[in-house]
Amino acid sequence: MLDGPTPKDLLPTTGNYPVEIVRYRSVVLTDIPGAKPARKLTGAIDLGEENLPFYDRPAEGMIVTTEQSWSAQGVTLGRLLHSLALAPGESTKVAVVDWQRTTKASGTETTAEADALSATTDQNRSISEVANAIAREEQYGNSQMSQSSKSSSSGGSIGVAFFGMGGGGNWGESSNSGFATAVSRSTGVKSVAVEASQRISERTQQLATAARSRNMTVVRETTQAEKDQVLTRVVTNYNHMHAMSVQYYEVVQIYNVTTKPTKLERCLFIPLQELTFNYTSLQRYKEVLASVAPADWAAKIRAANPFDTTVRKLDACTAPEAPSVAQVFDGVDLADIAASAMGVYGVRKYDGSPVRFDPVARQWNPLPTTGLDGELVRIAPGKDTVWGLRTDNRLVYFDGRTWRLDPQGWAGRSLACGPDGTLYLIGMGAGSIHHRSPSGASQDMNILADDVAVVGRDKLWYCKEGRTWERNGTTWLERTPAPNVKRLSAGLDGVLWGITADGKALVVEPGATTWSAPKYFNGATGLVDVVSSTGGDYWALTNAGLLRLLTAPRETPIPFDAAPKTDSPYASKIDVWYDEFGIRSLQVVFPGHTFRCGDTGGSGIQHHATHTFAGADKLLSLDAWSGTAARGSLAGLRLTMTSGVVNFGIAESTAAAPDLTEDAGGAAICGLFGSTVKSGTRTYLASLGFHVRGGNVSQAVLDHLNDNRRHYSQAVWANADELTLSRILANYSYTPAGSTAPPVLLGTLLDPKPIAATGNYLGFRWNFGSEQERQEWTKARQPGDATFGTPVTNTIAIATKGVFAEAVLGRANSAEKIDLTRFWNWKDSPLQITPADIAPVATGTRAQNLDTTVAALAATQARFTPLAAMPDPSALQAAQAITTANLFRDMSGLNTMGQVLTKGIESAASNDKDAGARAQEALKTATEHLQKMAQIAVDAAGKAAPLVTGGAGGAGNLSALGGMLNQGGKPEAKA
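Peer 1: Describe the packing of aromatic side chains, naming the residues involved and giving the relevant values.
Peer 2: Inspection of every chain in the model, using the stated rule, returns 16 aromatic pairs. Relative to W469, the ring of Y462 lies with its centre 5.1 Å away and its plane at 10°, an arrangement referred to as stacked. Taking the relative accessible area as the measure of exposure, W469 reaches 14% and is therefore buried. Among the aromatic side chains, those forming a connected cluster through ring pairs are F329, F357, W364 and W539. The ring of W297 has K300 lying over it, and the distance from NZ or CZ to the ring centre is 4.3 Å. Sitting over the ring of W410, R436 keeps its end group 4.0 Å from the ring centre.

What follows is the structure in structure tokens.
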């Protein structure tokens, strides 16, 4: 046996075993239980349509694990790479350069840094100052003044010129006396009591956290393998008569590739609602949103600071106003339509599923059909429940999550529901009207009818064989004329609609008792039903399924705006007056001022509600309901504060979803604005908004996020943490289509880690409750069935690095015929042809250096906000009044009397002075006169002397003459 044939297990073979196996997974959506196409495909689909509906119910799917095995089958020749042709006897050199370089580099850099900055600053000041002061003073005022002033002045002069004698004189007299008496007494009491209290409490808590992961371990693993091999060969054609070609082929490896599914796993797709992005959601998902945003918007999102505050307008309470022209919904085919405070509902014609009109998006959206088990023919929304009749005439109702059969087992042909939740049903058989109150008590009214409608509380109409009756108290009154009415419907505004046998619309206005032609649908034919919605809209349904919406015009609203003051005081109280149709008046109290809009007069009963805001109360969200008055006025308002929920208007009692809602993000109300509108003798709020102080985020950023909410919502869903998803899923259950088993609790059977996201679906692994359930499910979906296909085998050729060379001789003989006259013996003269030398082959390295530098971290983002300085305490200026000089007024008049006395003395003194001056002037005049008289006397004596002395010229008695002159020249001489 040792020298026997070669054992087969030692012979190399191919194709027995796969040389490589690859597995990959794919998530597929297999079924949406209960879902039916919302539209019929009759033309091209517009991919640019933006208002496409989202998935509204769970869907089932599976994870398919596919295996791909590669089995080597052999090798074959591939492309012709090179051909070397040699003439007879030709020789050449061939250089084969084999250069290979493999570079493998892997780098791991983990950075972990944590910056935590926390500060709490308390600034508390409490000042209480009490000042009590009493000033007492008694004053008596009595002023007496007596003054006597006398002034006498006299001046005189005399001169006698008689033998040298003369005389002169003057005199003056002045007298002044004054007497003043002042007695002052006053009685007065002044009391100053002041209490000033100043309390300033400021608490600043700042928490800035910047968490960055940095582990200063940098690993750079670089592997470079380089191979450079040069082989030089001499190729010679030793044939003297044939050329030779050497052909080089690439070597190709052949594989059989088999692809087959090997494993199936069950999964469930949960539909999610698109997010509305606001200040709160931006705080929560800021980094996730920035990571999927374009570069420019990512920078703006990261730069937004939702924790900063600023005053902004929050106008989410604008009541929806329908257009004033008719709008046709030709893509919505309905078999029935009805309206109540819950909204406008309908039944689709082709599948009997319920739909609801969205007044904000202006489109019809499907309602869940879970538990319906059939198609609807009639629908009637009430106060908080939607009722319906199936094709089997069974009564069903929708509780917000699923449809259920009526527990009392009622069945009928027609139904209507009042605003208080009272249900009226026309039973089977003869068609008697049955009545059921909200408490559950039922009664047969023993009235046979074809249709019934409720226009208000305890206000009922019915028709029978074209005639109509109205209930007035406990009796029924027939209303004539009866224009062959076959169908009735009503609205909350008290309007009754009727459809005649020939498809025309009639109306009974509120307060009227007779039918008349409607204002808006006059002349229209082919109608099936007409209803009035809570927003002032009128819907007309034709027998062809065509749906038309018409909105009546209203008066122009009057705007108002109470902008916040400079210091932006927060609201402390709000009062609201409203009636059954909407909010009539609103008053908000701010520190220092009160603003009121609307009125509290007019007709109708008004209700009043009030709320006092707690200290530092912040607004979290706004909800608003529209009413029927004035075409969509504000009917209900809900303020969700940090201290609790505040409801006004219909928000106090309704269970219907709000028409409009807005997240305020924890802002404080500091002003309000909006508009009022007249409706007959009443005034309603057409719109309402608030000035709030809250997060400081650019509106452009929020608009961008909401304009692309589908993209950003998917990013948030995909990055949702498992704890959040687990808490949400724990609140829901799911019943597979056609299953009679109990509902599946999603929180226990779903893996909260998402595996796929498509549209608004988020897929989760759906675990099995038992191993038997797993085996049954897997057996029903074997990999080889037609759903997933049978294993497929393909042959794939892959080029290798091998080269196959083969020499081929030429077919033509290149030698000449033998001629003895020619040289032909090559041995006598061998070939001396040698191949030319080739250039030296370079084998330099081609290695490259890799950068292993560690990237630096950016600066920390933790920052403290500077603290604002506290205000200075106010002084007690009023208490300082008791220390002021001259607290009491002067009652004696002493100062005035002294001034008068002084003036009198000064006047007397001036008189005396004037008298002396006049006497002095008189003396001066007398002296001058005396001197002149003396001079005249001397001159006269000079002439008479010679006569007296007896000589000529008077020289004989000159001494006597000189004595006379001297005596007369003395000033004190007296005559």
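Peer 1: Tell me about the side chain of S489, and name the residues and values.
Peer 2: Within the secondary structure, S489 sits in strand β25 (residues 485-490). Here the side chain of S489 touches V530 through a polar contact of 2.2 Å, landing on its backbone oxygen. Ignoring any residue separated from it by four or fewer positions in sequence, one finds S489 in contact with A453, V495, L496, W497, D529, V530 and V531.

Peer 1: Can you break down the environment of Q247 residue by residue, with the values?
Peer 2: Looking at the element boundaries, Q247 is found in strand β6 (residues 244-271). Given the relative accessible area of 22%, Q247 is considered partly exposed. As for Q247 and V803, which are separated by 556 residues in sequence, their C-alpha atoms are 9.9 Å apart. Apart from residues lying up to four places away in sequence, Q247 is in contact with L80, H82, S83, F804, A805, E806 and V808. Within the local environment of Q247, its side chain forms a polar contact with the side chain of Y249, the two groups lying 2.8 Å apart.

Peer 1: Account for the sheet that holds strand β17 (residues 412-417), naming residues and giving values.
Peer 2: With antiparallel pairing, the 4 strands of this open sheet are ordered in space as β17-β18-β19-β20. The open sheet has two free edges, formed respectively by β17 and β20 (442-448), since each of these has just one partner strand. For this sheet, the mean angle separating the axes of adjacent strands, direction not counted, is 20°. Two strands pair when backbone bridges link them, and strand β18 (residues 423-427) and strand β19 (residues 432-436) are joined in this way by 4 bridges, in the antiparallel orientation. Bridging from a neighbouring strand, Y424 pairs with H435 of β19.

Peer 1: I'd like to hear about the packing of helix α2 (residues 295-303) against helix α3 (residues 699-707), residue by residue, with values.
Peer 2: At a minimum axis distance of 10 Å, the contact between α2 and α3 shows a crossing angle of 125°. The angle between the axes of α2 and α3 places the two elements in the oblique class. You can see that α2 and α3 cross each other, and the crossing is left-handed. The residues of α3 that touch α2, namely those facing W297, K300 and I301, are A700, V701, H704 and L705. Taken together, the residues of the contact of α2 with α3 sort by class into 5 nonpolar, 1 polar and 1 charged.

Peer 1: So what's going on with the environment of Y345? Which residues, and what values?
Peer 2: Position of Y345 relative to the elements: it lies in strand β10 (residues 343-348). In this structure Y345 comes out as buried when scored by relative accessible area, which is 5%. Discounting chain neighbours no more than four positions away, the residues touching Y345 are D336, I337, A338, V355, R356, W364, L367, I379, P381 and V386. Looking at Y345, its side chain comes within polar contact range of the side chain of R356, at 3.2 Å.

Peer 1: Before we move on, can you summarise empty space enclosed by the protein with the specific residues and values?
Peer 2: Tallied over the entire structure, the rule returns 1 cavity of 30 Å³ or more. Around the largest cavity, the lining comprises 31 residues; the ones closest to its centre are A338, A339, A416, C417 and A490. Elements with a minimum of two residues in the lining of the largest cavity: β9 (334-340), β13 (376-381), β17, β21 (451-456), β25 and β28 (527-532). Tallying contributions element by element places β21 first for the lining of the largest cavity, with 6 residues. In terms of residue class, the lining of the largest cavity is made up of 19 nonpolar, 7 polar and 5 charged.

Peer 1: Talk me through the side chain of T500; I want residue IDs and the actual numbers.
Peer 2: Mapped onto the fold, T500 is located in strand β26 (residues 496-500). At 2.2 Å, the side chain of T500 and the side chain of D502 are in polar contact. Beyond its immediate chain neighbours, meaning those up to four positions away, T500 contacts P483, N484, V485, K486 and L506.

Peer 1: I'd like to hear about the nonpolar core, residue by residue, with values.
Peer 2: Membership of the largest hydrophobic core comes to 32 residues, with the highest contact counts inside it found for L586, L619, L639, L672 and F690. Discounting chain neighbours no more than four positions away, the residues touching L672 are F560, D561, A562, L586, V588, F590, F595, L688, G689, F690 and H691. Core analysis: the next-biggest nonpolar cluster, separate from the first, contains 16 residues, A290, A298, I301 and L705 among them.

Peer 1: Which residues make up unusual backbone geometry, and what values do they have?
Peer 2: Here N446, not a glycine, exhibits a phi torsion of approximately 55°, which is positive. Here N446 lies in strand β20. Judged by relative accessible area, which is 62%, N446 ranks as exposed. Its identity as a non-glycine residue notwithstanding, E465 has a phi of 55°, on the positive side. Of note, E465 is situated in the loop between β22 (459-464) and β23 (467-472).

Peer 1: Describe the sheet that holds strand β16 (residues 403-405), listing the residues and the values that go with them.
Peer 2: Reading across from one edge, β13-β14-β15-β16 is the order of the 4 strands in this open sheet, with antiparallel pairing throughout. Edge strands, defined here as strands with exactly one partner in the open sheet, are β13 and β16. Adjacent strand axes in the sheet meet at a mean angle of 30°, parallel and antiparallel pairs treated alike.

Peer 1: Could you give me a rundown of the pattern of salt bridges, with the residues and numbers involved?
Peer 2: Pairing between side chains becomes possible if they bear opposite charge and their charged atoms approach one another. Going through the model one piece at a time under the given rule, you end up with 20 salt bridges. One salt bridge connects D336 with R487, and the closest N-O pair in it is separated by 2.5 Å. Remark: R487 occurs in strand β25 and D336 occurs in strand β9; sequence separation between them is 151 residues. R487 shares its class with D336; the two are buried. The salt bridge partner of R774 is E771, with a shortest N-O separation of 3.6 Å. Taken together, the positions of R774 and E771, both in helix α7 (residues 771-779) and 3 residues apart, correspond to about one turn of that helix. The class for R774 is partly exposed, based on a relative accessible area of 38%.

So, how was this worked out
- Residues numbered from 1 in each chain as written.
- Predicted model: local features only at pLDDT ≥ 70, side-chain atom pairs only at ≥ 80, totals over all residues.
- Heavy atoms only, no water.
- Phe/Tyr/Trp six-rings, centres within 6.5 Å; stacked < 30°, edge-to-face > 60°.
- Buried < 20%, exposed > 50% of the residue type's maximum accessible area, 1.4 Å probe, protein only.
- Lys NZ or Arg CZ within 6 Å of the ring centre and 35° of its normal.
- Helix = DSSP H or I, 4+ residues; strand = E, 2+ residues; numbered from the N terminus.
- Polar contact = N/O pair within 3.5 Å; in protein donor to acceptor, adjacent residues only side chain to side chain.
- Contact = heavy atoms within 4.5 Å.
- Pairing = 2+ DSSP bridges.
- Axes fitted to C-alpha atoms, helices over the stretch in contact; angles between N-to-C directions.
- Parallel < 35°, antiparallel > 145°, perpendicular 65-115°, else oblique.
- Left-handed = near helix turned anticlockwise from the far one by under 90°.
- Nonpolar A, V, L, I, M, F, W, Y, C, P; charged D, E, K, R; others polar.
- 1 Å grid on protein atoms, 1.4 Å probe; cavity = no way out; pocket = protein on both sides within 12 Å on 5 of 7 lines; lining within 4 Å.
- Points joined across faces, edges and corners; volume = space filled by probe spheres on them.
- Core = buried A, V, L, I, M, F, W, Y, C linked by side-chain atoms within 4.5 Å.
- Salt bridge = Lys/Arg side-chain N within 4 Å of Asp/Glu carboxyl O.

From the geometry alone we can't say anything about function, so treat these as descriptive.
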